[in-house]
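# Examination of the molecular architecture
Each chain, written out:
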Amino acid sequence: MIEKLTTRLSGVKRTGQGRYIARCPAHADKSPSLTVTEKDGRVLFHCFAGCAPADVLAAVGLEFSDLYPEKPIYAKRSGMAAAFNPYDTMKCLSREAGIVALAARQISNQCPLTDDDIDRVELAAERLRDAAELMGVRL
């Protein structure tokens, strides 16, 4: 995503991995005063002369949304759309399933669940049902 911005700037010099300096397009910049960095999938930039980020982007014909990847949209059965990251969703579902499995093991070892444990297992079960419903699976 950083390339969308750096390819539209003048005087771009790489200062490190995912780090650049360039002349700011929002003012008459004689020497580079704009830093551009990509960190954790985000494009960060700053004009040391004080130009507003929106002005910098407008000067090169971009908007903030141009610098960030689009989130996938997944359709629910009910017709509404939900944006979520499948990897993160699977991690959460795995955690909820693990909570249910731990509770089942504790019960099978004839150790009673505390009230807090029961509440947490019920929450995990609810989250798993909601996820199944979102995917169109009826339990």
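Residues numbered from 1 in each chain as written. Predicted model: local features only at pLDDT ≥ 70, side-chain atom pairs only at ≥ 80, totals over all residues. Heavy atoms only, no water.

## Digging into the overall build of the protein chain
Applicable threshold: Secondary structure elements follow DSSP: runs of H or I of four or more residues count as helices, runs of E of two or more count as strands, with numbering from the N terminus. Think of it in three bands: with a 1.4 Å probe and only protein chains considered, a residue is buried below 20% of the maximum accessible area for its type, exposed above 50%, and partly exposed in between. Whether two residues are in contact is decided by their heavy atoms, any of which lying within 4.5 Å being enough. Accessible surface area values rest on a Shrake-Rupley calculation with a 1.4 Å probe, where residue burial reflects the displayed protein chains alone.
When helices and strands are counted, the protein chain shows four helices and six strands. Looking at the protein chain as a whole, 20% of its 139 residues are labelled buried. At a minimum sequence separation of 6, the contacts of the protein chain that also span at least 24 residues come to 38%. On the protein chain, roughly 10,000 Å² of surface is accessible, and the fraction owed to carbon and sulfur atoms is 53%.

## Regarding the sheet that holds strand 2 (residues 19–23)
Basically, it comes down to this: Between any two strands, at least two bridges found by DSSP are needed for them to pair. Lines fitted to C-alpha atoms define the axes, with helix axes restricted to the stretch in contact, and inter-axis angles between N-to-C directions lie between 0 and 180 degrees.
Taken together, four strands build an open sheet; the order of strands is 1-2-3-4 and the sheet is antiparallel. In this open sheet, the two edge strands, each paired with only one partner strand, are strand 1 (10–16) and strand 4 (42–47). Across the sheet, the mean angle from the axis of one strand to that of its neighbour is 20 degrees, orientation sign disregarded. Pairing between strand 2 and strand 3 (residues 34–39): four bridges, direction antiparallel. Following the sheet pairing, Arg19 is matched in strand 3 by Thr37.

## Points about the pairing of strand 4
The two faces of strand 4 differ: Val43, Phe45 and Cys47 on one face are buried, but Arg42, Leu44 and His46 on the other face are not. Hairpin remark: strand 3 followed by strand 4, antiparallel, with two residues in the connecting loop; positive phi at Asp40, about 55 degrees.

## Side note on the confidence of the model for the protein chain
The line we're drawing: pLDDT: the predictor's confidence for each residue, scored from 0 to 100.
Mean pLDDT for the protein chain: 85, with 87% of residues reaching 70 or above. Taken element by element, the predicted model of the protein chain shows its lowest mean pLDDT in strand 5 (residues 73–75) (54) and its highest in strand 2 (95).

## Observations concerning the packing of helix 3 (residues 86–108) against helix 4 (residues 115–134)
We apply this condition: Our angle categories are set so that under 35 degrees counts as roughly parallel, over 145 as roughly antiparallel, 65 to 115 as roughly perpendicular, and the remainder as oblique. For a crossing to be left-handed, the near helix must be turned anticlockwise from the far one by less than a right angle; the clockwise case is right-handed. All amino acids are sorted into three groups, where Ala, Val, Leu, Ile, Met, Phe, Trp, Tyr, Cys and Pro are nonpolar, Asp, Glu, Lys and Arg are charged, and the leftover types, Gly among them, are polar.
Axis separation between helix 3 and helix 4 bottoms out at 9 Å; the angle between their running directions is 135 degrees. In terms of orientation, helix 3 and helix 4 fall into the oblique class. The handedness of the crossing between helix 3 and helix 4 is left-handed. Contacts between helix 3 and helix 4 involve Leu93, Arg95, Glu96, Ala97, Ile99, Val100, Ala103 and Gln106 from the first element and Asp117, Arg120, Val121, Leu123, Ala124, Arg127, Leu128 and Ala131 from the second. For the contact of helix 3 with helix 4, the residue count by class is ten nonpolar, one polar and five charged.

## Notes on helix 3
Heads up, the condition is: Given the number of residues in a helix, its expected span is that number minus one, multiplied by 1.5 Å.
Helix length check: helix 3, at 23 residues, gives a terminal C-alpha distance of 32 Å against a target of 33 Å (1.5 Å per residue), a fit within 8%. Three or more residues of helix 3 are buried, namely Leu93, Glu96, Ile99 and Ala103. Summarising the contacts, the buried residues of helix 3 are in contact with helix 4. Backbone geometry just after helix 3 places Gln110 at a positive phi near 60 degrees.

## Considering the environment of Phe45
Examined against the element boundaries, Phe45 turns out to sit in strand 4. We classify Phe45 as buried; its relative accessible area is 16%.

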